[in-house]
Amino acid sequence: MTRRNTRRTGLALLVAAATVLSGPAALASVPTSPPAPAAATADQADRRAAIQRELDRSVAEGAPGATALVAEGSTRWRTTSGVADLDTRAPMPADGRFRAASLTKSMVATVVLQLVDERRLRLADPVASVLPGVVPRGDRITVEQLLRHTSGLPDYINVPEMADPAVYGRRTFTPRQLVDFALRQAPVGEPGQKFSYSNANYILLGMIIERLTGGLADALRERVFGPADMRASYFPVTFPFLVGPHASGYYLAAGRMTKVTELNPSFAWAAYAVVSTPSDIQRFYRALLTGRLLPARLVETMRVTVPTGKEPWSGYGLGLETLKTTCGVTAWGHTGSIPGFVSMAFSSEDGQRQVIATLNVQSADREFGKIAMPVLNAVNTVFCGVPYVPTRP
């Protein structure tokens, strides 16, 4: 991310809050293997206070605002820090709408696997069998490889047209244009060879869903939002506004904070365009991991991961990332980053312990790691009772 490149990769951003989710030296001390489990987990009050401290730390480091929602069984609680808008100083809404960015990928993967369950698609199907002529080597790239980011396709967000959100956030792109941006670059590997995160994979999956169902927005609404009771979520396509209660979103570059709340999300489409709320995201992952959206066998298939080579995100499955915590618990979910917002949503394997944390700022600056690192600390505190990296005196 040497240019003003704002691709999601929450993976990379919080890794770079090990070197910005994708940081600086603030994360250089992130352990590469989990230490022994803590002798005891802090009780809920202590954990809540610790999470509040981490959100406050993000704001002290420069975030306008931060939120966290924690769910433990039937209990849910929320906490916030900072402001929703730097001009009005309105307080950060605890459950406002935000751009969920690459949390979208888990939802798109869910629809794809529903089509697999309906025998309208197979994971082993080559892309060319559904989208003939769209991708070179399409006869060798499978649906499963798109889902797992092992297709060898480069990321379209690396082209010059995607260098500045102030420019590309005002344009309308078609899915085919986004794929063509990716294809202007050399492949990053042979199909099936290795993990390489590429938003182009999920644009192609969105095109496959449209080919088989008639519309991606309708498919998400009918197959995911409705069944998971995600009443505040929507797929905006080109609609630039956040409706209802929400924080303003900001983009930080070279020390300057620019408001980017309103943008045309066509550049993100099936890869990272969904608008949601923390409560809806919590309901989605619980519904997914507890088998309400997919049969158990397909949820298990989603959990078959390949190594990412990016600690502490140790594996990537079918639209799911794994986060390695300091106490050895593997958390399941996804990270997201889009101009204006950064998010993390992770759950225990049974979906009963969950955390959704958000910031209303995103950046390609290396120093952003100081802002983003407390979000990772808050997530680790939910599962282990301690931060990922202790705060330095």
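In this text the structure is predicted, and so the values were computed from the model without any measurement.

Colleague: I keep staring at the pattern of salt bridges and nothing clicks. Help me out?
Modeller: Pairs may arise between side chains of opposite charge once their charged atoms sit close together. As enumerated under the stated definition, the model contains 20 salt bridges in all. Taking the shortest distance from any N to any O, the salt bridge between Glu72 and Arg47 comes out at 2.6 Å. With Glu72 in strand 1 (residues 65-72) and Arg47 in helix 2 (residues 44-61), the pair connects residues that are 25 residues apart, well separated along the chain. Here Glu72 and Arg47 have matching classes, each one buried. The network of salt bridges with shared partners includes Arg47, Glu72 and Arg353.

Colleague: Would you explain the sheet that holds strand 12 (residues 353-359) in this entry?
Modeller: In sheet architecture, strand pairing relies on hydrogen bonds along the backbone and comes in two forms, parallel and antiparallel. Within the open sheet, the eight strands sit side by side as 2-1-12-11-10-9-8-7. Their pairing is antiparallel. With one partner strand each, in any of the chains shown, strand 2 (75-82) and strand 7 (306-310) form the two edges of the open sheet. When the angles between neighbouring strand axes are averaged without regard to direction, this sheet yields 25°. Inspection of the sheet shows strand 10 (residues 330-338) paired to strand 11 (residues 341-347) by seven bridges, in the antiparallel sense. By the bridge assignment for strand 11, Gly336 is matched with Ser343. Where helix 3 (residues 103-117) meets the sheet, it contacts strand 8 (313-316), strand 10 and strand 11, and its direction lies at approximately 115° from that of strand 10. Sitting on the sheet, helix 13 (residues 369-384) touches strand 1, strand 8, strand 9 (321-324), strand 10, strand 11 and strand 12, and the angle it makes with strand 12 is about 170°.

Colleague: What's the story with the packing of aromatic side chains in this structure? I'm lost.
Modeller: Applying the stated criterion across every chain, the model contains nine aromatic pairs. Ring geometry for Phe267 against Tyr272: centres 5.7 Å apart, planes inclined by 75°, an arrangement best described as edge-to-face. The two residues Phe267 and Tyr272 agree in class, both being buried. Ring geometry for Phe284 against Tyr285: centres 4.8 Å apart, planes inclined by 65°, an arrangement best described as edge-to-face. As far as burial versus exposure is concerned, Phe284 and Tyr285 are alike and both buried.

Colleague: Quick question: what am I supposed to make of the sheet that holds strand 5 (residues 256-259) here?
Modeller: What the three strands build is an open sheet, ordered 5-4-13; its pairing is mixed. On the outer flanks of this sheet lie strand 5 and strand 13 (361-363), each paired with one strand and no other. Ignoring which end each strand starts from, the neighbouring axes of this sheet average 30° apart. Examined bridge by bridge, strand 4 (residues 250-253) and strand 5 share four bridges and lie antiparallel to one another. By the bridge assignment, Tyr251 is partnered in strand 5 with Thr258.

Colleague: Quick question: what am I supposed to make of the state of the cysteines here?
Modeller: The term disulfide refers to a covalent linkage connecting the sulfur atoms of a pair of cysteines. By the definition in use, this model includes one disulfide. Two residues, Cys327 and Cys384, share a disulfide whose sulfurs are 2.0 Å apart. Here the S-S torsion is close to -70°, and the disulfide linking Cys327 with Cys384 is therefore left-handed. Here Cys327 is found in the loop between strand 9 and strand 10, whereas its partner Cys384 is found in helix 13, with 57 residues between them in sequence.

Colleague: It is not clear to me how the environment of Lys194 should be interpreted in this structure. Could you clarify?
Modeller: Within the element layout of this structure, Lys194 appears in the loop between helix 7 (175-183) and helix 8 (199-213). On the accessibility criterion, Lys194 (43% relative accessible area) is partly exposed. Along the sequence, Lys194 and Gln145 sit 49 residues apart, while their C-alpha atoms lie 9.6 Å from each other. For Lys194, the residues in contact, after removing those within four places along its chain, are His149, Thr150 and Val188.

Colleague: Just to check I follow, could you spell out the nonpolar core for this structure?
Modeller: When a protein is soluble and globular, its nonpolar side chains tend to lie buried together. Judged by nonpolar contacts, the single largest core of 86 residues is most densely connected at Tyr156, Met162 and Leu220. Top element by residues in this core is helix 3. It accounts for nine residues. Within the second largest apolar cluster, 33 residues are counted, among which are Leu323, Phe346, Phe368 and Val375.

Colleague: I keep staring at the pairing of strand 12 and nothing clicks. Help me out?
Modeller: Every other side chain in a regular strand lies on the same face of the sheet, so the side chains alternate between the two faces. Here strand 12 lies mainly inside the structure; six of its seven residues are buried. With six bridges joining them, strand 11 and strand 12 adopt antiparallel strand pairing. The partner of Val342 across the bridge, within strand 12, is Leu359. What sits between strand 11 and strand 12 in their antiparallel hairpin is a turn of five residues, with Gly351 showing a positive phi close to 75°.

Reading the values: the criteria
- Residues numbered from 1 in each chain as written.
- Predicted model: local features only at pLDDT ≥ 70, side-chain atom pairs only at ≥ 80, totals over all residues.
- Heavy atoms only, no water.
- Salt bridge = Lys/Arg side-chain N within 4 Å of Asp/Glu carboxyl O.
- Helix = DSSP H or I, 4+ residues; strand = E, 2+ residues; numbered from the N terminus.
- Buried < 20%, exposed > 50% of the residue type's maximum accessible area, 1.4 Å probe, protein only.
- Pairing = 2+ DSSP bridges.
- Axes fitted to C-alpha atoms, helices over the stretch in contact; angles between N-to-C directions.
- Contact = heavy atoms within 4.5 Å.
- Phe/Tyr/Trp six-rings, centres within 6.5 Å; stacked < 30°, edge-to-face > 60°.
- Disulfide = S-S within 2.5 Å.
- Core = buried A, V, L, I, M, F, W, Y, C linked by side-chain atoms within 4.5 Å.

Purely geometric numbers; function is a separate question.
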